[in-house]
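Structural description and commentary
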Amino acid sequence: MRGLIALAGAASLVAAGSTAAASVPAFEYPADGPICRGSEGYAADFGGRRTFLWRPVWLEAIAKDDAHSRSVVRQADEALVRGPYSVADKPKLVPGASRNDYASIGPYWWPNPNSDDGLPYGRRDGEVNPERDGPEFDKDRLRNLANDLEALSVAYFITSDEKYADRAAKLLRVWFLDADTMMAPHMDFAQGIPGKVKGRGEGIIEASDLSTIAESIGLLAPSPALSKREHASLRQWYADFATWMATSDNGEAEMRKSNNHGVFYDFYLAHFAIFAGLDSVALNIADNFLRFRLGVQMDKQGRFIRELKRTRSWHYSNYVVGGAARLATIAECTGRDLWNAELEDGRSLQTSIAFLRRYSRDPQSWPFEDRDHRAGNFDKMRSTFDRVDLLFAGAKAPSSGRITLP
C-alpha cells in the first residue's frame, strides 16, 4: 500500500519541544461490556457493526428513547429525498483543481474591501464568512452528506429497514466510488485563501465529516446494500486519504500545528487508519500523543494556552479537549488507555476536563475573552461543555438528555 513507511512514522514527526516522559497503560474494558478490537471495531459484540467512535451503549440508548429514535427516523425519512452529493457539483472550479477535487475557503477570511476584485482576502478571527457554505465550495455538501448518512445509518440500526441502508449506499457510491463524481482522496484545495493560497493544512480540520461517515459505514455493515467489494473500496479510499495526510505538504503542515489543529490531525489520522485496517498507525499515534501533544500544548492547570487567546476561547478550549477525547476513544481500540495516562509531571486528559468543569456550571465566571460570554449565551456555553463531558463518561450512557454522537 502506497506511502506506508511515511504513514507509519507520522506520529513520531509531530511538533516536538516537551521533555516530559509518558507511559500509556493498557485499556481495560468492563468485563460485561462490548470491546473494540482493533480494525474490526465493536463488530464481534455489536452484531457485525464495525464502529469505533460510536459506542454501542450510546446507540442502544438512542434506540430505547422513543422521542429520540422517532426524531432520528424523521431525519432519515427527509434524507431519503435529499442528495446525492458530489464534489463535481461545483458550478466552477477553483484554479488548478479538477472536478473531483474537494475545495473550500477558510472560515474567517473575507473579501478585501479596498480592492475591486476583493483580493486578497483578509482574516477576521471568529467571524465566519457565509461564502464558504455556498455552491462554489464543497464544505456544505460534505457536511450535508455526513448528516444524512448519520441519520440514515442510525435509523437503519433502530428499524432494520433496508430503505435507509439502500439510500446511504447510493450516497456513498456517488461521493466515494463512482469515477465521475467521487472525491479524490486528498484535501489539497481545502481552506484556501482567495488571492493568497489554493489550499492549506488547516483545511484538514474539515475531515470531521469524514469521521462521521466512517462510523456510518460501520453501522451499515450488516446490510447487503453495500457489497463486500464496495466496503473494501471504501476502506481503500480512507487508506489513501490517510496516506495523503502523512505524506503531503499540507498534511505535514497540519501535523506540526501546536494548537487544536494538531490534536485533530492525530485523531483523524488514527481514526481513518484503523478504519482502513492500519492498526499499527493508530497505535503509534496513541503512544506518542501525551508526549507530543499534551506535553507541548497544555499547562499544569489543564489549559490549552493558544486556545485561550482566541475570540471564542470557551469554544476552542472545549473543542481541543473534545478532539483529544475522541482520540482516546479510538485509542481504546488499540488497547491503550489515554484517559488515565499521565505525563511525568502528572498532566493528563483528566487535568484538561477538570479545568473546564470549574466553569461548566457557571460559565459566566469564565475569565477569558469569548464572544458567547460577552453576548450572555451561557446556555450555549453549558451545552458546548456537555457534549465534551459525554465523551469522558465513556461506556456509561447518560441517565437523561439526548445523546449527540461525536
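Okay, so let's go over this structure.

**Considering the overall build of the protein**
The secondary structure content of the protein amounts to 15 helices and six strands. Relative to its length of 406 residues, the protein is compact, with a C-alpha radius of gyration of 21 Å against a globular reference of 22 Å. On the principal axes, the C-alpha backbone points of the protein span a range of 65 × 50 × 45 Å. Restricting the contact set of the protein to residue pairs at least 6 apart, pairs at least 24 apart contribute 73%. Just so you have it, the protein exposes about 16800 Å², and 48% of that area is on carbon and sulfur atoms. Side chains of the protein carry 51 positive and 54 negative charges; the gap between the two charge centres is 2 Å.

**Re the environment of Ala375**
In this fold, Ala375 is placed in helix α14 (residues 371-375). Sequence-wise, Ala375 and Ser248 are 127 residues apart; in three dimensions their C-alpha atoms are separated by 41 Å.

**Points about unusual backbone geometry**
Between Gly83 and the following residue, Pro84, the backbone shows a cis peptide bond with an omega angle of 0°. Inspection of the secondary structure puts Pro84 in the loop between α3 (66-79) and β2 (103-105). Here the bond from Leu119 into Pro120 is cis, since omega is -10°, no more than 30 degrees from zero. The residue Ser160 is not glycine, and still its phi comes out positive at about 60°. Mapped onto the fold, Ser160 is located in the loop between α4 (139-159) and α5 (162-177). Accessibility expressed as a relative area gives 53% for Ser160, which makes it exposed. The phi angle at Gln191 is positive, at roughly 50°, despite the residue not being glycine. Residue placement: Gln191 occurs in strand β5 (residues 189-192).

**Notes on the packing of helix α2 (residues 56-64) against α4**
Contact geometry of α2 with α4 gives a least axis separation of 10 Å together with a crossing angle of 70°. Taken together, the axis directions place α2 and α4 in an arrangement best described as roughly perpendicular. Note on packing geometry: the crossing formed by α2 with α4 is right-handed. Judged by residue contacts, Leu59, Glu60, Ile62 and Ala63 of α2 engage Val154, Phe157 and Ile158 from α4. When the residues that make up the contact of α2 with α4 are grouped by side-chain class, the tally is six nonpolar, no polar and one charged.

**Remarks on the nonpolar core**
Core analysis: the biggest nonpolar cluster contains 114 residues, and Phe176, Leu210, Ile213, Tyr238, Phe241 and Leu338 have the highest contact counts within it. At 12 residues, helix α9 (residues 260-276) tops the list of elements feeding residues into this core. For Phe176, the residues in contact, after removing those within four places along its chain, are Leu145, Met182, Leu210, Ile213, Leu234, Trp237 and Tyr238. Core analysis: the second largest hydrophobic core is formed by nine residues, Val94, Ala97, Ala103 and Ile193 among them.

**Details of the state of the cysteines**
Note: disulfide means a covalent bond formed between the sulfur atoms of two cysteine side chains. Applying the stated criterion to the full structure yields one disulfide. Across a sulfur-sulfur distance of 2.0 Å, Cys36 and Cys333 are joined as a disulfide pair. Torsion about the S-S bond of the Cys36 and Cys333 cystine: about 95°, corresponding to right-handed handedness. Linking Cys36 in the loop between β1 (22-23) and α2 with Cys333 in helix α12 (residues 313-333), this pair joins segments that are 297 residues apart in sequence. The exposure class assigned to Cys36 is buried, which follows from its relative accessible area of 3%.

**Focus on the environment of Arg402**
Along the chain, Arg402 falls in the segment after α15 (378-392). Separated by 340 residues in sequence, Arg402 and Ile62 place their C-alpha atoms 7.8 Å apart. Among residues more than four places away in sequence, those in contact with Arg402 are Ala67, His68 and Ser71.

Basis of the calculations
Residues numbered from 1 in each chain as written. Predicted model: local features only at pLDDT ≥ 70, side-chain atom pairs only at ≥ 80, totals over all residues. Heavy atoms only, no water. Helix = DSSP H or I, 4+ residues; strand = E, 2+ residues; numbered from the N terminus. Rg over C-alpha atoms; globule rule 2.2 N^0.38 Å. Contact = heavy atoms within 4.5 Å. Areas by Shrake-Rupley, 256 points an atom, 1.4 Å probe, with all protein chains shown as cover. Lys, Arg positive; Asp, Glu negative; His and termini not counted. Charge placed at Lys NZ, Arg CZ, Asp CG, Glu CD. Buried < 20%, exposed > 50% of the residue type's maximum accessible area, 1.4 Å probe, protein only. Axes fitted to C-alpha atoms, helices over the stretch in contact; angles between N-to-C directions. Parallel < 35°, antiparallel > 145°, perpendicular 65-115°, else oblique. Left-handed = near helix turned anticlockwise from the far one by under 90°. Nonpolar A, V, L, I, M, F, W, Y, C, P; charged D, E, K, R; others polar. Core = buried A, V, L, I, M, F, W, Y, C linked by side-chain atoms within 4.5 Å. Disulfide = S-S within 2.5 Å.

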